[in-house]
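Chain and residue survey
Here's the letter readout for the chains.
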Amino acid sequence: MQKTLAPDRRRADAATWITAAIIAAVYVAVFVLEQVLPATSMLFTVLKKGATYALVAVSMNLLNGFTGLFSLGQAGFMLIGGYTYAIFSLSNEARETVYQYFDCAIGVTLGVVPSLILAGLMAALFAFLIGLPVLRLKSDYLAIATLGFAEIIRAVFQWQKLGPVTNGSNMLKDYPTFNDFNITLASGRTLYLSTLIPFVIAGVCIAIVVLLINSSYGRAFKAIRDDEVAAEAMGINLARHKQLAFCISSFFAGVGGAMLAMYSNTIQAKAFTSAMTYEILLIVVIGGIGSISGSCVASFLFVACSEWWLRFLDQEQFIGAWQVPLLRNGFRLVVFSIIIMVVVLFYRQGMFGMRELPDILRGKRGRRQRKGAVK
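Quick summary incoming for the structure in this document. (Residues numbered from 1 in each chain as written. Predicted model: local features only at pLDDT ≥ 70, side-chain atom pairs only at ≥ 80, totals over all residues. Heavy atoms only, no water.)

Okay, the pattern of salt bridges next. One side chain can pair with another of opposite charge once the charged atoms of both are near each other. With the rule as written, the count across this model stands at six salt bridges. Across the pair arginine 154 and glutamate 151 runs a salt bridge whose closest N-O atoms are separated by 2.5 Å. Taken together, the residues arginine 154 and glutamate 151, both in helix 6 (residues 139–157) and three residues apart, mark about one turn of the helix. Taking the shortest distance from any N to any O, the salt bridge between glutamate 228 and lysine 242 comes out at 3.0 Å. One end of the pair, glutamate 228, is in helix 10 (residues 228–233); the other, lysine 242, is in helix 11 (residues 238–264), with 14 residues separating them in the sequence. Under the relative-accessibility criterion, lysine 242 is labelled buried at 7%. The structure contains a network of salt bridges with shared partners spanning Lys49, Glu307 and Arg311. (Salt bridge = Lys/Arg side-chain N within 4 Å of Asp/Glu carboxyl O. Helix = DSSP H or I, 4+ residues; strand = E, 2+ residues; numbered from the N terminus. Buried < 20%, exposed > 50% of the residue type's maximum accessible area, 1.4 Å probe, protein only.)

And the structure:
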């Protein structure tokens, strides 16, 4: 029996090590590219936003893909996290400039890391309070309720009476952003870290989610997803585990909202519309519902297509004196929608399905070995 299992264990270990090497190579490549390419390169915009969306997509996948709860409240939790980070990371001098029309009610300034953690905790607190009544609902009713919460939160944060805290409908700015992590060396050379930092933050958070999914709590989440009746019969407390998954997912969505605030340099409640939630949901579906690796890869592909690769379709193009037809402002979205439809039609389970990158590597290696054995 041991001889039969040993090759499988070696394959599993090899796939895990190869995955770790790929991830490490990505981090090294990001660092090197940031030192070589100009800071204005569109590549860095895609990488920063892609890392942010990857974390939020993984947080939604934890709830939708691994627990089976169809929630559409990610934009609301991102808003809470983004505002919490911006408010508590502002310096006292910046508050006087930002809160021009209100007397700021917050006089505490925290560092970047405490502000990020507090952003996640505030989102988790709101999720706990909202989850008490909402998580009794199922399927489409839960989705509608959480979507309604996100819209209500967006309206409340623009309420003028909350201006001393949220600055009303005015934007927040002058808080620490990714660009503030660049280091000027004694030699006068600048060490650019503004793209690596979001990768580090997202990587740590996603690693925690992976550990959670592979723990006993993660197995309980999957059991609830597969069959609630059977899970409850096995002794799993449905209400407790649903609430736990909802709060953890919201925590990381709040951190993702804080990262989005750091990426955009300003934050305003009106930007966190339901369309943002649909974008995250689309990333989860394209990558594969129930796949962390799929959510990460799909996030970068989605951002690259929507923000970079297809931008030329919004501008008039000429081949000599002949003008290419149809190319005008907004045509990019038409082509992007067609691409998404094609992907969904041919990859109905998403690009990764329910598999992770190590699973794919093991499958490839297994096929090669079987081909060698046949020869």
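The next point concerns the side chain of asparagine 61. Within the secondary structure, asparagine 61 sits in helix 2 (residues 42–64). Among the residues examined, asparagine 61 registers a relative accessible area of 0% and is labelled buried. At 2.9 Å, the side chain of asparagine 61 and the backbone nitrogen of glycine 290 are in polar contact. Setting aside its immediate chain neighbours within four residues, asparagine 61 contacts Phe66, Val284, Gly288, Ile289, Gly290, Ser291 and Ser295. (Polar contact = N/O pair within 3.5 Å; in protein donor to acceptor, adjacent residues only side chain to side chain. Contact = heavy atoms within 4.5 Å.)

With that out of the way, let us pick up the layout of surface pockets. To find the voids left in a structure, one rolls a probe of water-molecule size over its atoms. There is about 1100 Å³ of room inside the largest pocket. Along the wall of the largest pocket there are 38 residues; nearest its centre are Ile23, Ile206, Ile292, Ser293 and Cys296. Residue assignment for the lining of the largest pocket shows that the elements contributing at least two residues are helix 1 (2–36), helix 2, helix 8 (196–213), helix 9 (216–226), helix 13 (292–309) and helix 15 (357–374). Per element, the largest residue contribution to the lining of the largest pocket is nine residues, and it comes from helix 13. Looking at the lining of the largest pocket residue by residue, the class counts come to 29 nonpolar, six polar and three charged. By volume, the second largest pocket amounts to about 430 Å³. At the level of secondary structure, the elements contributing two or more residues to the lining of the second largest pocket comprise helix 2, helix 11, strand 4 (266–267), helix 12 (274–287), helix 13 and helix 14 (331–346). Looking at which element gives the most residues to the lining of the second largest pocket, the answer is helix 13, with four residues. (1 Å grid on protein atoms, 1.4 Å probe; cavity = no way out; pocket = protein on both sides within 12 Å on 5 of 7 lines; lining within 4 Å. Points joined across faces, edges and corners; volume = space filled by probe spheres on them. Nonpolar A, V, L, I, M, F, W, Y, C, P; charged D, E, K, R; others polar.)

These results come straight from atomic positions and should not be treated as a statement about function.
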